[in-house]
Amino acid sequence: MKSALITGITGQDGSYLAEDLLQRGYTVHGLVRPSSTRSRWRIDHLCSEERLHLHEGDLTDGSRVTRLLAELAPDEVYNLAAQTHVAKSFESPELTAEVNALGVVRLLSAIRTLGLGARTRFYQASTSELFGAVPESPQSEQTPFHPRSPYGASKLHAHWVTVNSREAHGLFACCGILFNHESPRRGEEFVTRKITRGLARASQGLQGAVPLGNLDARRDWGHARDYVRMQWQMLQQEVPEDFVIATGTQHSVREFVSWAGEDLGISLSFEGKGSEEVARVSSVTGESAAHVVPGQVLVRVEPQLFRPTEVGSLCGDASKAKRRLGWRPTVSARQLCTEMVAADLDLALKERFSQASDPV
Ligand code: NAP
Ligand code: GDD
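These numbers were taken from a predicted model, which means no experiment stands behind them. (Residues numbered from 1 in each chain as written. Chains lettered and ligands numbered in written order. Predicted model: local features only at pLDDT ≥ 70, side-chain atom pairs only at ≥ 80, totals over all residues. Heavy atoms only, no water.)

### Digging into the sheet that holds strand E6 (residues 173-178)
Working step 1: Taken together, 7 strands build an open sheet; the order of strands is E3-E2-E1-E4-E5-E6-E11 and the sheet is parallel. Either end of the sheet is taken by a strand with one partner, and the two such strands are strand E3 (52-56) and strand E11 (243-245). Each strand of the sheet is rotated relative to its neighbour by a mean of 20°, with strand direction disregarded.
Working step 2: In terms of strand pairing, strand E2 (residues 27-32) meets E3 through 5 bridges, oriented parallel. In the sheet register, His29 faces E3, and the bridge partner there is His53. (Pairing = 2+ DSSP bridges. Helix = DSSP H or I, 4+ residues; strand = E, 2+ residues; numbered from the N terminus. Axes fitted to C-alpha atoms, helices over the stretch in contact; angles between N-to-C directions.)

Rendered as structure tokens:
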């Protein structure tokens, strides 16, 4: 029976990966931040599993990370923990580098100095943000990197440190260069979830217009469950290598807003330009949107939400992953939106009914 350590197990990917590995018969160890008791909702349903063990620690604490690896000597380490919000990285570049760049250095150094190199395989969560100011489209393993944020720069360091540990010390270390992947478990601060959660709540009269930044940004959105499967597959190869994981199609934030409206029975029309742009209700057909009226503004552009430097367009070429590992995405961006809206409408309805039944 294999064992794995997942850093970032309380996050979107960590929760799906833990499910996947438990189903495969693994013993799963998760690193959880001591302060993260409130953010364990994504793994609550797994906590009765005998083969799941949570260990408190933080990627900024090298001695804790080393002791944990010495104690567990896992077959596989999946490093998913990170300060993951690109916009926040402009405000906290030092913390972002401390966790995202030096966190990986700490893990790899521990594996090496503990003599675990021959036993422990390592997965690093690289990102399409490495491509940043893309020189070509779609982006593949051969596309040069040009990050556009402190987040992207920290992940670039992490990426090359991982590649170097393989080349210099022979570690079995792989980077998954993953394009955006979403799910009902996505954090509410990321744009897809902000849209589905915000519009679902607005459809129930629980909030007003959703403030958004750059509606023109284009992303290659896939489903997180498909993407964690590939993280495991990468560590089962004979020779460690890096892979781009993506769907190969891209859509704008504006399209995603329209889809979410459609899924709620709300037809939206966009008016105005730049920071004056809004999405207004043109008609309502769905019963689920009973609290919305034609003419109402459901999305407004908020200039403060624009980033100092933006990654305007990302689209990945995952043909290497298809060819070598038989990996294919199973969920389109449109289907993903529908799944997320359904989950967020359910939450919004519960919120409305709980408000209605609250004693005055
Ligand atoms: P997420 O939902 O934001 O989860 C991040 C995880 O990292 C959480 O468990 C968080 O713990 C943990 N964490 C943050 N700082 C930490 C620290 N100092 N020490 C230990 N743990 C820490 O992220 P995700 O979407 O699952 O992404 C997983 C990984 O893939 C990340 O490395 C991300 O950069 C990368 N990635 C994601 C995407 C995507 O589209 N989702 C695409 C490419 C790459 P708390 O719960 O305590 O906050
Ligand atoms: N978050 C957010 N909030 N983004 C907005 C908003 C808003 O109100 N309005 C427009 N956007 C635009 C952003 O400017 C960006 O161009 C796009 O929507 C996607 O933003 P996010 O959902 O925050 O994702 P991201 O692409 O910046 O980063 C995510 O994907 C990366 C992989 O490419 C994160 O998960 C990263 O951790 C990950 O590496």
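### Re the site of ligand 2
Working step 1: Among the 25 residues in the neighbourhood of ligand 2, the closest are listed as Thr127, Ser128, Tyr151, Arg307 and Glu310.
Working step 2: Interatomic distance of 2.5 Å between a side-chain N/O atom of Ser128 and an oxygen atom of ligand 2.
Working step 3: Out of a free accessible area of 710 Å², ligand 2 has 95% covered by protein chains.
Working step 4: Looking at the shell around ligand 2, the elements that each hand over two or more residues are helix H7 (191-203) and strand E8 (210-212).
Working step 5: In the shell around ligand 2, the residues fall into 11 nonpolar, 7 polar and 7 charged. (Near = heavy atom within 4 Å. Polar contact = N/O pair within 3.5 Å; in protein donor to acceptor, adjacent residues only side chain to side chain. Areas by Shrake-Rupley, 256 points an atom, 1.4 Å probe, with all protein chains shown as cover. Nonpolar A, V, L, I, M, F, W, Y, C, P; charged D, E, K, R; others polar.)

### So, the site of ligand 1
Working step 1: The local shell around ligand 1 holds 25 residues, among which Thr10, Arg33, Thr84, Tyr151 and Lys155 are the closest.
Working step 2: Gly11 is positioned with one of its backbone polar atoms (N or O) 3.0 Å from an oxygen atom of ligand 1.
Working step 3: Within the side chain of Thr84, an N or O atom sits 2.7 Å from an oxygen atom of ligand 1.
Working step 4: In the complex, the protein chains occlude 90% of the 900 Å² of accessible area that ligand 1 would expose alone.
Working step 5: Breaking the shell around ligand 1 down by element, the ones donating at least two residues are helix H1 (12-23), strand E5 (121-127) and helix H6 (150-169).
Working step 6: Residues of the shell around ligand 1, tallied by class, amount to 9 nonpolar, 11 polar and 5 charged.

### Focus on unusual backbone geometry
Working step 1: For the peptide bond that leads from Ser137 to Pro138, omega is 0°, which places it in the cis range.
Working step 2: Among the structural elements, Pro138 can be located in the loop between E5 and H6.

### Some words on the sheet that holds strand E15 (residues 297-301)
Working step 1: Pairing is mixed in the open sheet, where 4 strands are placed in the order E8-E15-E14-E13. Where the open sheet ends on each side, the last strands, each with one partner, are E8 and strand E13 (266-271). The mean inter-strand angle of the sheet, taken between neighbouring strand axes irrespective of direction, is 25°.
Working step 2: Running over the sheet, H7 touches E8, E13 and E15 and is turned about 155° from E8. (Contact = heavy atoms within 4.5 Å.)

### Considerations on the pairing of E13
Working step 1: Sheet analysis places E13 next to strand E14 (residues 278-284), joined by 6 bridges and oriented antiparallel. Bridge pairing in E14 links Glu271 to Val278.
Working step 2: Two successive antiparallel strands, E13 and E14, enclose a turn made up of 6 residues, where Gly272 displays a positive phi of approximately 85°.

### Overview of the nonpolar core
Working step 1: Among the nonpolar cores identified, the biggest contains 33 residues, and Ile6, Ile9, Leu21, Val28, Tyr78, Tyr123 and Ile245 are the most heavily contacted of them.
Working step 2: Of all the secondary-structure elements, those providing two or more residues to this core are strand E1 (3-7), H1, E2, E5, E6, helix H8 (224-234) and E11.
Working step 3: For Ile9, the contacting residues outside a window of four places in its chain are Gly14, Ser15, Ala18, Val28, Gly30, Leu31, Val32, Ile43, Leu52 and Leu54. (Core = buried A, V, L, I, M, F, W, Y, C linked by side-chain atoms within 4.5 Å. Buried < 20%, exposed > 50% of the residue type's maximum accessible area, 1.4 Å probe, protein only.)

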